[in-house]
Amino acid sequence: MKAVTTSPHFPASPASPEASPAVDVVLPCLDEAGALPWVLARIPRGWRALVVDNGSTDGSADVARAMGATVVCEPRRGFGAACHAGLTAATADIVCFCDCDASLDPGLLVPFVDEVRDGTADLVLGRRRPLGRGAWPAHARVGNLALSRMLRRRTGLGLRDLGPLRAARREALLALDLTDRRSGYPLQMVVRAADAGWRVTEHDVPYLPRTGASKVTGTWRGTWQAVRDMRRVLAEPPVREGLPR
C-alpha cells in the first residue's frame, strides 16, 4: 500500500500571508450568499479567491464581487464543471479547492500549500473531522466510507476521506486531463494522481455545520447519486503513468 501521511492536529487559520503568496483558491458556488462573507474573510492575504458561480439565483456573484473575489461564471451545472472552470481560470502556480458553504476554513490551506511548494507532496487533502452536531450527516459519512474503501482497492492509497479541501500545482492538475463534470471530479483527481505516481498526503481538518442546504449530500438520494458518479470513475481503466507533478 502506498504511504499516506496523516496529521492528528488541527492547524490554526493564520493571519500572515508571507509564507504562501501567489495561490488561487477555487470556490465552486451555487446559492451560497449566506456563507460567502465568512469564507472570503478567511482567504489568506495575498491569495486570490476564484468564486465559480454555477447558476446562483441568490446574488452570490454580487456578494463575491463586493468582497473583492474574482467571479467565474460556469453555466453548465455540476460540481466538477464548477471546479474545472475555476482550475482553467486560475493562473497561480499552486491551486487550492475549498467548498463555499462555510463548512471548511480556507485558511487551513496554508500548510497544504507549503507542503506542495517545498516538494514533499504533489497533492494534499483535508480529512474532515466533524465539529458540532449536524456537521456531517450519517448518510454522507456512510457514502464517503464506502468510496474510501473502493479507492484504496483501486489505487493502494490509504486515504480515509475524499474531502474537498485540497492543494496541488496548476499545470500538473491540468495535465491529469480530468473529464468528470459531476460529483466524480474530486475522486477522479485522486485516482489519476495515484496512477501518475503522485505523492498524496492527508491531514485532519475541522469540519463545521454548513450554511444553507447541501446541493449533493443533503439527502440519501443526493448522496447515492454522488456515489454512483464516483463508482463510474473508479471503473475507468488506469491512465498513462508519468504525468507531470
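What counts and what doesn't
- Residues numbered from 1 in each chain as written.
- Predicted model: local features only at pLDDT ≥ 70, side-chain atom pairs only at ≥ 80, totals over all residues.
- Heavy atoms only, no water.
- Helix = DSSP H or I, 4+ residues; strand = E, 2+ residues; numbered from the N terminus.
- Buried < 20%, exposed > 50% of the residue type's maximum accessible area, 1.4 Å probe, protein only.
- Contact = heavy atoms within 4.5 Å.
- Areas by Shrake-Rupley, 256 points an atom, 1.4 Å probe, with all protein chains shown as cover.
- Salt bridge = Lys/Arg side-chain N within 4 Å of Asp/Glu carboxyl O.
- pLDDT = per-residue confidence, 0-100.
- Pairing = 2+ DSSP bridges.
- Core = buried A, V, L, I, M, F, W, Y, C linked by side-chain atoms within 4.5 Å.

Visitor: Sorry if this is basic, but what is going on with the overall build of the protein here?
Guide: In terms of helices and strands, the protein carries eight helices and eight strands. Across the 245 residues in the protein, those meeting the buried criterion constitute 56%. Counted over contacts in the protein with a minimum sequence separation of 6, partners at least 24 positions apart contribute 80%. With the model as given, the accessible surface of the protein reaches about 10600 Å², and the carbon-plus-sulfur share is 54%.

Visitor: Explain the pattern of salt bridges to me, please; I cannot follow it from the model alone.
Guide: Side-chain pairing between opposite charges can occur once the charged atoms of the two side chains come close. Taken as a whole and assessed by the stated rule, the structure comprises twelve salt bridges. Measuring nitrogen to oxygen at the nearest pair gives 2.8 Å for the salt bridge that ties Asp161 to Arg128. Highlighted residues: Asp161 in the loop between helix H5 (138–155) and strand E7 (166–169) and Arg128 in strand E6 (residues 123–130), separated in sequence by 33 residues. Here Asp161 and Arg128 have matching classes, each one buried. Between Asp195 and Arg154 there is a salt bridge, and its shortest N-O distance comes to 2.9 Å. On the criterion of sequence distance, the pair formed by Asp195 in helix H7 (residues 185–195) and Arg154 in helix H5 is long-range, its members being 41 residues apart. The class for Asp195 is buried, based on a relative accessible area of 11%. Residue class for Arg154 comes out partly exposed when judged on its relative accessible area of 21%. One continuous salt-bridge network, built from bridges that share partners, spans Arg127, Arg129 and Asp204.

Visitor: Got a minute to help me understand H7 in this structure?
Guide: Residues that lie three or four places apart on an α-helix share one face, since the helix turns once every 3.6 residues. The element H7 is largely enclosed, with a buried count of eleven among its eleven residues. Gly197 sits one or two positions beyond H7 and adopts a positive phi of about 80°.

Visitor: Explanation requested: the side chain of Arg127 in the structure shown.
Guide: Looking at where Arg127 falls in the secondary structure, it is placed in strand E6. Overall, the relative accessible area of 17% leaves Arg127 in the buried class. Aside from chain neighbours lying at most four places away, what touches Arg127 is Arg160, Asp161, Glu202, His203, Asp204 and Val205.

Visitor: Can you walk me through the confidence of the model for the protein in this structure?
Guide: If pLDDT is low for a region, its predicted coordinates should not be looked at in detail. The predicted model of the protein has a mean per-residue pLDDT of 85, with 79% of residues at 70 or higher. Taken as a whole, residues 1–21 scores under 50 in pLDDT and shows 55 contacts with residues more than four places along the chain or in a different chain.

Visitor: Is there a simple way to explain unusual backbone geometry in this structure?
Guide: The backbone of Asp31 sits at a positive phi, close to 55°, despite the residue not being glycine. Inspection of the secondary structure puts Asp31 in the loop between strand E2 (23–29) and helix H1 (36–40).

Visitor: What's the story with the pairing of strand E8 (residues 200–207) in this structure? I'm lost.
Guide: Every other side chain in a regular strand lies on the same face of the sheet, so the side chains alternate between the two faces. Extensive coverage of E8 is indicated by the burial of eight of its eight residues. The side-chain alternation of E8 yields two buried faces, one formed by Val200, Glu202, Asp204 and Pro206 and the other by Thr201, His203, Val205 and Tyr207. As paired strands, E6 and E8 are joined by eight bridges and run parallel to one another. Bridge pairing in E8 places Gly126 opposite His203.

Visitor: Sorry if this is basic, but what is going on with the nonpolar core here?
Guide: Note on soluble globular proteins: their nonpolar side chains tend to be buried together. In terms of nonpolar packing, the biggest core is built from 37 residues, with Phe97, Leu123, Leu151, Leu173, Leu187, Met189 and Trp198 touching the most fellow members. Only strand E3 (48–53), helix H3 (79–89), strand E5 (94–97), E6, H5, helix H6 (170–175), H7 and helix H8 (220–234) provide two or more residues apiece to this core. Filtering out sequence-adjacent residues up to four positions away, Phe97 remains in contact with Val26, Cys83, Leu87, Leu109, Pro164, Leu165, Arg166, Leu173 and Met189. The next biggest cluster of nonpolar side chains, apart from the first, holds 34 residues, and it includes Ala49, Ala102, Leu165 and Ala167.

Visitor: Looking at this structure, how should I read H3?
Guide: Among the eleven residues of H3, eight are classified as buried, and the element is accordingly described as predominantly covered. Those residues of H3 that fall on the buried side of the exposure criterion are Gly80, Ala81, Ala82, Cys83, His84, Ala85, Gly86 and Leu87. At its buried positions, H3 is contacted by E2, E3, strand E4 (70–73), E5, H6 and H7.

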